[in-house]
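Geometric and topological summary
The residues making up each chain are set out below.
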Amino acid sequence: MEPESTQTTDILRIEGLKKHFPIRRGLFQRTVGWVRAVENVSLALAGGKTLGLVGESGCGKTTVARMILNLLPADDGRILYNGVDICGLSDKDMQPFRKEIQIVFQDPYGSLNPRMTVGQTLGEGLRMAGIRGRRPAQERLEHLLELVGMAPAAADRYPHEFSGGQRQRIGIARALSVEPSLVICDEPVSALDVSIQAQIINLLKDLQDRLGLSYLFISHDLNVVGYLCHHVAVMYKGQIMEYAPAEEMFENPLHPYTHVLLAAVPDPETGKKVATEAVGGEPAEVVAAFPEGCRFQSKCPERDDRCRLFGGDLTKAGAGHYVRCWRK
Amino acid sequence: MHATNDIVLSVEGLKVYFRSEDEIARAVDGVDFEVGRRETVCLVGESGCGKTVSALAVLGLVPCPPGEIAGGRVLFNGQNLLDQDDEALQNVRGRGIGMVFQEPQTSLNPVFTIGEQIAEPLRIHLSLPEAEIRQRSLQLLSDVGIDAPEQRLADYPHQLSGGQRQRVMIAMALACGPELIIADEPTTALDVTVQAQILRLINRLQQSHGMSLLYITHDLGVVSQIADRVYVMYAGVIVETGAAEQIFRGSRHPYTQALLESLPSRKKRGRRLNSIPGAVPHPAYKPAGCPFHPRCPQAIGACREQYPGMCAFDDHHAARCPVAGGRSLTDWCR
Amino acid sequence: MNPEQTAPAVSLEEPLAPKRTRFEESWRLFRRNRMALAGMLVFAIFFFSAVIGLVLTSGSRPLFDPAQVHLPEKLLPPLSAPHTESLKPAERPPLGVYLFGTDDLGRDVFARMLQGAWVSLTVGFVAVGISVAIGIFMGGLAGFYGQRHIRLEQLLVTAALLTGAGLLAAGRRSWGAGLLIIGHAWLFWSISPWGLRHRKTLPAGLGFLRKKTLMVDTIIMRFVDIMLCFPSFFLILTVVALLPASIYNIMIVIGLTSWEGTARFVRAEFLSLREQDFVAAAKALGVSNFRIIFRHMVPNAIAPVLVSATIGIASAILTEAGLSFLGFGVPPPHATWGNILSDGKRFIFDAPWLTFIPGAAILIVVLSFNLFGEGLRDIFNPRLRERNR
């Protein structure tokens, strides 16, 4: 079951997205198994809102982002952008959508070309947006820089002359250079210092208000997600485990994994001490042995033998609240 | 809290500078902190504030051609570690003081098995017979919560997950029963659930082994969970110190306050986050007077001119802000 | 509290340290390496003397005449005065003495050295230019498209075109022309609108043509391996012996046989660059593959290429000298350093300067290039590159 749309026009709907990577061994690279990186993922994002995609490393959230951008071909599923299925389009057919969907990366140091000035990097985007002529390009460039809080003089500098937070602003400017409607933010503040994080989060929020952007906000930091997002989806090992409006998710989390995540997040305001319950050992190979079972069994405090056979589909558990656990 | 006369590590006036052709980066510029017995002390700050360099300086691990110890003392069990030569320091490293680093990928040698790497400190410091080394290694691995330790001894680092590698690092740091463990951002590169497990583990081990812990991090959430006392660093100096309660409930220094206010949380939804304008100063180009004054909402004229001294608030709570402390201009630098 | 402005341009303007371009940074690092600096200076001297030498020794009435034969002047040691009796005023050496002496035909060795310098310079740069161009192209293809498979049809078309061209060149006109026509026809059909529309639906029997064969990376890298198996000097020798002797043939042949190292470097850099976020960002913007490769990735991959290019120049100069020494180089009377060495070998005891002077010149130039290249390699060392983080 896919989440119902919360509004009449969802800017992005993902249905049944799947990506399996082959495991190859031996001299002839025979395929001996599959890494099921993304399995039956369904999401919905309303226009002008922020959907948080939360999960730990290896859960597949970055893979989902790359498939939305068509940087990685999906094995199955539909990606509906304003109702149009962009999954599996050829490069040529994808071109018009590239102006609509953009991405901001996590690593401020690797996401800018060290041999191009800021002006040149942003210029590539302006070129793709069809801005020709020196004067219009110059004006637009200055406008972009100002939009993200950078001085126009930054255009002649190279990335290595800027701090992490400044580089992230430049990355945001690059994404905005083609005037997208949907911006995928792949852990945009995880690599930044606390005080800079707040600046960038404020900036993202301002831009959303000013330009009506929709965000798919990928993060492992539940505090940031709780602050910014309207809806939250929790992902674990390639599957969406829970999906709900943000308030609801934090007030009334249903899936055991969501509980684990929330318990693990430190909260300086309450000074909550480290949780005493045992979460379990390191990842076991159960997932590979029982492909139909729930992927969270190896660590779930509420598991029993039935979980080996059936993980459950995303079922509705409240207004706009979906959870993948047959117990709920 | 600790008894003030039972101090394991005391750092006084530590200064570490890095010289290059045309600039001197004052990474650590006069820092005092101490760790008591069985105590967890957190050194908190953003990147570039000098906390890692301070920790490295304690063990003499700062590379000394570009870097130099420009002043201060590091007292460990009465000895000034900065005066010791390499050989004497070797005895302290691993034995009296254990260290856990940030990146589990790069801190373990990829060409040696786990067993060989854990055995190394045992062999060097304790000179145990081989049979006992194996026994000890197995015990250490199970202490840090690694299952099937016999198998793990023969594994190579790349066969373990990030969390497991960090556990191995902790086991190595603990191997010779040190009095103090210095942990430099050990959970930053790990997932949040794994981080919770590692923090629990460290807590448990601290209780059972009676060690002191100097924990360096930028993550205030982690600090709130484990710290007894906290030192907040900014641009190479300590700007506030106190018990965890005091720092989180009633911080005095504008930087600490701003930092706490800029943390996002769902309770702040709808409100703008109070961020700190500007950026951390480059260690070679620090402003005159208080290093925080260009970004400080409470800065006054004197902040630009005179370097402020620490002002005491309650016992053990002090902040380097004479404005907050209501000091007069004559008392500014005390 | 200070309310945050949305565009606090002033406070965000200046980055952390005073402005220093990458070039200035690199220059400062380079300056510290004395040997590399010396190497660069020597190269500069060599460069200027070659260029000036070309001017001074060419034309119908050159200032320094390398071809002027005067048997009475033969085998004079360096710095010896000419026998003024037998020389017309115009034929006397401009400096008053024979700076490097004369050879067995009475020619001014200094003039010949100047002329030879130009040959060495040209051979070095052009040969390396060709090899770098080929290397970047092959390495870039292998690095960027490496994981793609060549389909059987593409393989057949390429084979048809190559064999067709070969046959045509070898004289079998009809077969050659036939294959070429078939190959071109297939190419045009696949690019044409009619062909594109019908691409996906081949008749059932011909389905096997779509089958994937080798990966691009495999093909190119094994070709590189094959090329590396040939002892290149002998390969060059063979080709030069078969072709008419000229400076251009030599340059092209050296260039065609020394691109493998560059290809490997470029491929390695591309493999790691491909995974970088800024390349993904460019793709997400819709930038064409061609532009991504040449505008975004190649400038980042240049560093190891530059290093191997400078060392390659030294190697090309040595190769040319070797060829000339063996008699396969530029034909006389044009002077090259190898020629002078070769001519001098018969007189090694009577006129050792004929051997030492060109030998020393070759040594100094090659050494200086090697040092310069190593200096460059040190600057481009990523550990130093990252210092400004």
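In what follows, the structure referred to is the one given above.
Residues numbered from 1 in each chain as written. Chains lettered and ligands numbered in written order. Predicted model: local features only at pLDDT ≥ 70, side-chain atom pairs only at ≥ 80, totals over all residues. Heavy atoms only, no water.

Strands in a sheet are paired, the pairing made by backbone hydrogen bonds, and the direction either parallel or antiparallel. All names here are of chain A. With respect to topology, eight strands assemble into an open sheet ordered β6-β7-β8-β3-β9-β10-β12-β11, the strand pairing being mixed. Two strands in the sheet have a free side with no partner beyond their single neighbour: β6 (101-104) and β11 (315-318). Within the sheet, the average angular offset between the axes of one strand and its neighbour, ignoring direction, is 20°. Here strand β7 (residues 182-186) runs beside strand β8 (residues 214-219); their pairing, made up of five bridges, is parallel. Across the sheet, the residue bridging to Asp186 is Ile218, located in β8. (Pairing = 2+ DSSP bridges. Helix = DSSP H or I, 4+ residues; strand = E, 2+ residues; numbered from the N terminus. Axes fitted to C-alpha atoms, helices over the stretch in contact; angles between N-to-C directions.)

The element strand β10 (residues 239-245) of chain A is extensively covered by neighbouring structure, given that six of its seven residues are classed as buried. Between strand β9 (residues 231-236) of chain A and the antiparallel strand that follows it, β10 of chain A, lie two residues; Lys237 of chain A among them carries a positive phi value of about 45°. (Buried < 20%, exposed > 50% of the residue type's maximum accessible area, 1.4 Å probe, protein only.)

Quick look at the nonpolar core now. The biggest cluster of nonpolar side chains holds 63 residues, and the ones touching the most others in it are Ile118, Val168, Ile170, Tyr215, Val230 and Tyr255 of chain B. Broken down by element, this core gets its largest block of residues, seven residues, from helix α7 (residues 162-174) of chain B. For this core, the domains that each give at least three residues are domain 1 (1-96 + 180-194 + 209-264 + 276-288) and domain 2 (106-175) of chain B. Setting aside anything within four residues of it in sequence, one finds Tyr255 of chain B in contact with Glu46, Val232, Met233, Tyr234, Val239, Ile276 and Phe292 of chain B. Core analysis: the next-biggest nonpolar cluster, separate from the first, contains 59 residues, Leu126, Cys185, Ile200 and Leu213 of chain A among them. (Core = buried A, V, L, I, M, F, W, Y, C linked by side-chain atoms within 4.5 Å. Domains from an automatic or database assignment. Contact = heavy atoms within 4.5 Å.)

When you tally the buried positions in helix α1 (residues 51-58) of chain B, you get seven out of eight residues, the bulk of the element. Looking only at α1 of chain B, the buried set comprises Lys51, Val53, Ser54, Ala55, Leu56, Ala57 and Val58 of chain B.

Another aspect to go through is the pattern of salt bridges. As enumerated under the stated definition, the model contains 33 salt bridges over all chains in all. Of the charged contacts, one joins Asp103 of chain C and Arg112 of chain C as a salt bridge, the two residues approaching to 4.0 Å between their closest N and O atoms. Asp225 of chain C is the partner of Arg264 of chain C in a salt bridge, and the nearest nitrogen-oxygen pair spans 3.0 Å. Of this pair, Arg264 of chain C sits in helix α11 (residues 260-273) while Asp225 of chain C sits in helix α8 (residues 216-229), and the two are 39 residues apart along the sequence. In this structure Arg264 of chain C comes out as partly exposed when scored by relative accessible area, which is 41%. Look at the salt bridges and you will find they share partners, linking Asp10, Arg13, Glu15 and Arg78 of chain A into a network. (Salt bridge = Lys/Arg side-chain N within 4 Å of Asp/Glu carboxyl O.)

In this complex, chain B contributes 42 residues to the contact, which on the side of chain A involves 42 residues. Taking both sides of the interface into account, the surface hidden between chain B and chain A amounts to around 3800 Å²; carbon and sulfur atoms contribute 49%. Seen at the junction of chain B and chain A, the total is three salt bridges. Across the pair Arg266 of chain B and Glu251 of chain A runs a salt bridge whose closest N-O atoms are separated by 3.4 Å. Applying the counting criterion to the chain B and chain A interface returns 14 residue pairs in polar contact (both at pLDDT 80 or more). Considering each element in turn, the side of chain B that touches chain A owes the most residues, eight residues, to helix α8 (residues 192-209) of chain B. Split into classes, the residues belonging to the side of chain B that touches chain A amount to 15 nonpolar, 15 polar and 12 charged. (Buried area = accessible area lost by both parts, 1.4 Å probe. Polar contact = N/O pair within 3.5 Å; in protein donor to acceptor, adjacent residues only side chain to side chain. Nonpolar A, V, L, I, M, F, W, Y, C, P; charged D, E, K, R; others polar.)

What follows covers a nonpolar patch on the surface. All names here are of chain C. Residues Phe47, Phe48, Ile52 and Phe125 make up a contiguous nonpolar surface patch of about 380 Å² in total accessible area. If one sorts the elements of the nonpolar patch by residue count, helix α3 (residues 34-57) sits on top with three residues. Summarising the element assignment, Ile52 is placed in helix α3. (Patch = residues over 30% accessible without salt bridge, like charges linked within 9 Å, V, L, I, M, F, W, Y side chains within 5 Å. Areas by Shrake-Rupley, 256 points an atom, 1.4 Å probe, with all protein chains shown as cover.)

All names here are of chain B. Pairing in this open sheet of four strands is antiparallel, and the strands run β2-β1-β4-β5 from one edge to the other. For this open sheet the edge positions go to β2 (24-36) and β5 (79-80), each flanked by a neighbour on one side alone. Pairing between strand β1 (residues 7-19) and β2: 10 bridges, direction antiparallel. Paired with Leu9 across the bridge in β2 is Val35.

Looking now at the packing of helix α13 (residues 289-326) of chain C against helix α15 (residues 353-379) of chain C. All names here are of chain C. As a packed pair, α13 and α15 sit with axes 7 Å apart at the nearest point and diverge in direction by 165°. Classed by the angle they form, the pair α13 and α15 counts as roughly antiparallel. The crossing of α13 and α15 is left-handed. Contacts from Leu306, Val307, Thr310, Ile311, Ile313, Ala314, Ile317, Leu318 and Ala321 of α13 reach α15 at Ile362, Val365, Val366, Phe369, Asn370, Phe372, Gly373, Leu376 and Arg377. (Parallel < 35°, antiparallel > 145°, perpendicular 65-115°, else oblique. Left-handed = near helix turned anticlockwise from the far one by under 90°.)

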